[in-house]
Amino acid sequence: MAASTHTVTNQPPPLVGYDVFASDAALTEAVARSVDATRLEEVREELTRLGQAAGSAHAQRWGEQANTHPPVLRTHDRYGHRIDEVEFHPAWHRLLGHAVGAGLTDAWSRPDGHLRRTAGFLVWSQAEAGHTCPLSMTHAAVPALRADPELAAEWEPLLTSQVYERELRPAAEKGGALAGMAMTEKQGGSDVRANTTRAEPLAAPGEYVLTGHKWFCSAPMSDVFLVLAQAPGGLTCFLLPRVLPDGTRNSFRIQRLKDKLGNRSNASAEIEFDGRTWARRVGEEGRGVATIIEMVAATRLDCVTGAAAVMRQAVAQAVHHCTYREAFGGPLIDKPLMRNVLADLALESEAATTLALRLAAAYDGGTEQDRHFLRLAVPAAKYWVTKRCTPVAAEALECLGGNGYVEESGMPRLLREAPLNSIWEGSGNVQALDVLRALQREPAALNAYLTEIGTARGADHRLDRAIKGLLTELADLEGLEARARRLVERLALVLQGSLLVRHAPPEVADAFCASRLGGDAGAAFGTLPHTLDLAAVVTRARPVAGG
Ligand SMILES: Cc1cc2nc3c(=O)[nH]c(=O)nc-3n(C[C@H](O)[C@H](O)[C@H](O)COP(=O)(O)OP(=O)(O)OC[C@H]3O[C@@H](n4cnc5c(N)ncnc54)[C@H](O)[C@@H]3O)c2cc1C
């Protein structure tokens, strides 16, 4: 109905009814160059279906509903029995059901599995980020579980299944299951060696009972958890099902749900194990970190991809808004200064997407070179890409002016979500120190990284200079720990530059190398050299509704 006092004009249409995949040039090109040609059409169709669903009005509504109706803890039933359940809004289940049905918990059973899943994760996360936490953990539990072939045989088909069943039931009665992980305790998260949760062996081989707590345990309604606890032989990884094989509930006390900055659709719980909590050992006693690190490595790639998704959605919204919004006589997108801001944001988003997909392709490649490359590139990317997410989300929000600060725009949700991927699965410093560890203990990792970036040598003089500078930095062993962030930032930027020089259009690679490697930009976004082809960079980033 028309307002009686004025006519509403100059408000952009919502970005809805578009294909999140097909309208993302950086992503579609990365998929096209990485997927085997014989499968490309099939993969494209799959991602297009997901992209259309992610950009649809109903998925956007589910995303809003799941966040405006956060999960509620029900510790007891009406008769006073302990149930320790979390109730989610139906929209949460719809989001999860769609994602599981699209195969987003499985990178393991299909060719190009990581590539397909990473691209799908990047697309579908843009509908809503919170529910991707259990998707990520479920997918990542598989390689850790393989330390115990018997457990893997029981759980892997359920974790990689495309069936979502929310009810807690014994594994044998389920068509699909979700997994979580519980490592962090009150006295320490990064330093899990400080874990105090105890595991006492039972008479049956491999079976234990746990006593203790976990300070963060996300998605507590998952069917099964990988947990660290101190066994007689040291810190050990355990598989802890919420329902025991005989159908009774395992003792799994949910004490509270965290009141979080963002990620509000997802429940993150404080839990306790009371000495009756039953678990099965995964891997050897004392090898807990080595076993669960397989899971952590896979979730770290999802942190990179999740951050890339937040950035892409933020940039898509900003470019879309500025295409339609006019000020001072013309569309914002045509204003030279706004164009500079948008182009700068678009560069960051494209660099993140390209890097995430390159890492996924290396997982699929599976060669020694790939493995060594990932050892260095994953923590470096986790450090840098997730660090860029918050400033990108904040600046993109500002592109929408006052509308951006208002909840209905979706931008505040993106901004609240943005810091999280930098914190969990190892915070910034922990990633930087992990890169140092790889540099010091695994020379093959640096060699693989240098081989990768070497393929772009000679293509851009700023990239060449940056590689030279990096090698000088790497040769300097003084004060390494205090210099770790600086070093890792350079490793990540050079890697992103080398990828864009090889794969992106010249205007994107040129702008990235000038600003991120050549030093020709200020600290804030929107400070790119004005001589660059910024219009082309922005046009490439524009999502097209109905496209
Ligand atoms: C929403 C949310 C959900 C979560 N879900 C889970 C979950 O499901 N399961 C789970 O196990 N955990 C979960 N976590 C916990 C998360 O993984 C930890 O918070 C994280 O690993 C950091 O641990 P911490 O909080 O104990 O901080 P600390 O380990 O105390 O670290 C604090 C700061 O110190 C830095 N730091 C640590 N060591 C060093 C060092 N040697 N040198 C320099 N700096 C250092 C860190 O980078 C960090 O910035 C979740 C966290 C959040 C926020």
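Residues numbered from 1 in each chain as written. Predicted model: local features only at pLDDT ≥ 70, side-chain atom pairs only at ≥ 80, totals over all residues. Heavy atoms only, no water.

Quick word on the UniProt feature "domain: Acyl-CoA dehydrogenase/oxidase C-terminal" (unreviewed entry) in the protein chain
Then step 1. Sites flagged by UniProt as "domain: Acyl-CoA dehydrogenase/oxidase C-terminal" (unreviewed entry) map to residues 286-439.
Then step 2. Counted over residues 286-439, helix gives 79% and strand 3%. Its end C-alpha atoms are 25 Å apart. (UniProt positions renumbered as here; feature names shortened; annotations may be inferred. Helix = DSSP H or I, 4+ residues; strand = E, 2+ residues; numbered from the N terminus.)

Some thoughts on helix H1 (residues 25-34)
Then step 1. Here H1 has its buried residues at Ala25, Ala26, Leu27, Ala30 and Val31.
Then step 2. Buried residues belonging to H1 abut helix H2 (37-54), helix H5 (113-124), helix H9 (336-365) and helix H18 (534-541).
Then step 3. The N-cap of H1, judged by a side-chain oxygen 3.3 Å from the amide nitrogen of Ala26 a few residues on, is Asp24. (Buried < 20%, exposed > 50% of the residue type's maximum accessible area, 1.4 Å probe, protein only. Contact = heavy atoms within 4.5 Å. Polar contact = N/O pair within 3.5 Å; in protein donor to acceptor, adjacent residues only side chain to side chain.)

With respect to unusual backbone geometry
Then step 1. Despite not being glycine, Ala219 shows a phi value in the positive range, around 50°.
Then step 2. Judged by its relative accessible area of 4%, Ala219 is buried.
Then step 3. One non-glycine residue, Phe328, lies in the positive phi region at around 50°.
Then step 4. Mapped onto the fold, Phe328 is located in the loop between strand E10 (326-327) and strand E11 (330-331).

A closer look at the packing of H9 against helix H10 (residues 368-399)
Then step 1. The interhelical angle for the contact between H9 and H10, taken along N-to-C directions, is 155°, at an axis separation of 9 Å. By the angle between their directions, the pair H9 and H10 is classed as roughly antiparallel. Classified by chirality, the crossing of H10 by H9 is left-handed.
Then step 2. Residues that form the contact of H9 with H10 fall into these classes: 19 nonpolar, one polar and five charged. (Axes fitted to C-alpha atoms, helices over the stretch in contact; angles between N-to-C directions. Parallel < 35°, antiparallel > 145°, perpendicular 65-115°, else oblique. Left-handed = near helix turned anticlockwise from the far one by under 90°. Nonpolar A, V, L, I, M, F, W, Y, C, P; charged D, E, K, R; others polar.)

Section: the site of the ligand
Then step 1. Looking at the ligand, there are 20 residues lining it, with Met183, Thr184, Gly189, Ser190 and Ser218 nearest.
Then step 2. A distance of 2.9 Å is found between a nitrogen atom of the ligand and a backbone nitrogen or oxygen belonging to Met181.
Then step 3. A distance of 2.5 Å separates an oxygen atom of the ligand from a polar atom in the side chain of Ser190.
Then step 4. Isolated, the ligand exposes 980 Å² of accessible area, and the fraction of that covered by the protein chains is 67%.
Then step 5. Mapped onto the shell around the ligand, the elements with two or more residues apiece are strand E3 (179-182), strand E5 (207-218), helix H12 (420-423) and helix H13 (428-441).
Then step 6. Of the residues that constitute the shell around the ligand, the class distribution is ten nonpolar, eight polar and two charged. (Near = heavy atom within 4 Å. Areas by Shrake-Rupley, 256 points an atom, 1.4 Å probe, with all protein chains shown as cover.)

Observations concerning the UniProt feature "domain: Adaptive response protein AidB N-terminal" (unreviewed entry) in the protein chain
Then step 1. Here, the residues flagged by UniProt with the feature "domain: Adaptive response protein AidB N-terminal" (unreviewed entry) are residues 10-165.
Then step 2. For residues 10-165, helix accounts for 57% and strand for 7%, while the C-alpha atoms at its two ends are 45 Å apart.

Description of the side chain of Thr132
Then step 1. Of note, Thr132 is situated in helix H6 (residues 132-145).
Then step 2. Polar contacts involving the side chain of Thr132 include one to the main-chain carbonyl oxygen of Ala129, which spans 2.5 Å.
Then step 3. Not counting residues up to four positions away in its chain, the partners in contact with Thr132 are Phe121 and Ser125.

Digging into the side chain of Ser136
Then step 1. Note that Ser136 resides in helix H6.
Then step 2. The residues touching Ser136, leaving out its near neighbours within four places in the chain, are Arg117, Phe121, Thr299 and Asp302.

A closer look at H5
Then step 1. Here H5 spans 16 Å end to end across twelve residues, near enough to the 16 Å set by a 1.5 Å rise per residue.
Then step 2. Counting buried positions along H5 gives twelve out of twelve residues, so the element sits mostly inside the fold.
Then step 3. Regarding H5, the residues found buried are Gly113, His114, Leu115, Arg116, Arg117, Thr118, Ala119, Gly120, Phe121, Leu122, Val123 and Trp124. (Expected span 1.5 Å × (residues − 1).)

Description of the pairing of E5
Then step 1. Note: strand E4 (residues 198-201) against E5, four bridges, orientation antiparallel. Opposite Ala199, over in E5, you have Leu210 as the bridge partner.
Then step 2. Alignment of E5 against strand E9 (residues 268-282), held across ten bridges, turns out to be antiparallel. If you follow His213 over to E9, its bridge partner there is Glu272. (Pairing = 2+ DSSP bridges.)

Observations regarding the state of the cysteines
Then step 1. Evaluated as defined, the whole model comprises zero disulfides.
Then step 2. Free cysteine: Cys399, not disulfide-bonded; nearest cysteine sulfur from Cys322 at 4.9 Å.
Then step 3. A relative accessible area of 4% places Cys399 in the buried class. (Disulfide = S-S within 2.5 Å.)

As for the pattern of salt bridges
Then step 1. Enumeration over the complete set of coordinates arrives at 42 salt bridges.
Then step 2. The salt bridge involving Arg82 is made with Asp84; its shortest N-O contact spans 2.9 Å.
Then step 3. Assessed through its relative accessible area of 33%, Arg82 is described here as partly exposed.
Then step 4. Across the pair Arg483 and Glu473 runs a salt bridge, and its minimum N-O distance is 3.6 Å. Here the residue Arg483 occupies a position in the loop between helix H15 (461-475) and helix H16 (484-503), and Glu473 occupies one in helix H15, the gap between them amounting to ten residues.
Then step 5. In this structure Glu473 comes out as buried when scored by relative accessible area, which is 11%.
Then step 6. Through salt bridges with shared partners, one network takes in Arg300, Arg375, Asp434, Arg437 and Glu442. (Salt bridge = Lys/Arg side-chain N within 4 Å of Asp/Glu carboxyl O.)

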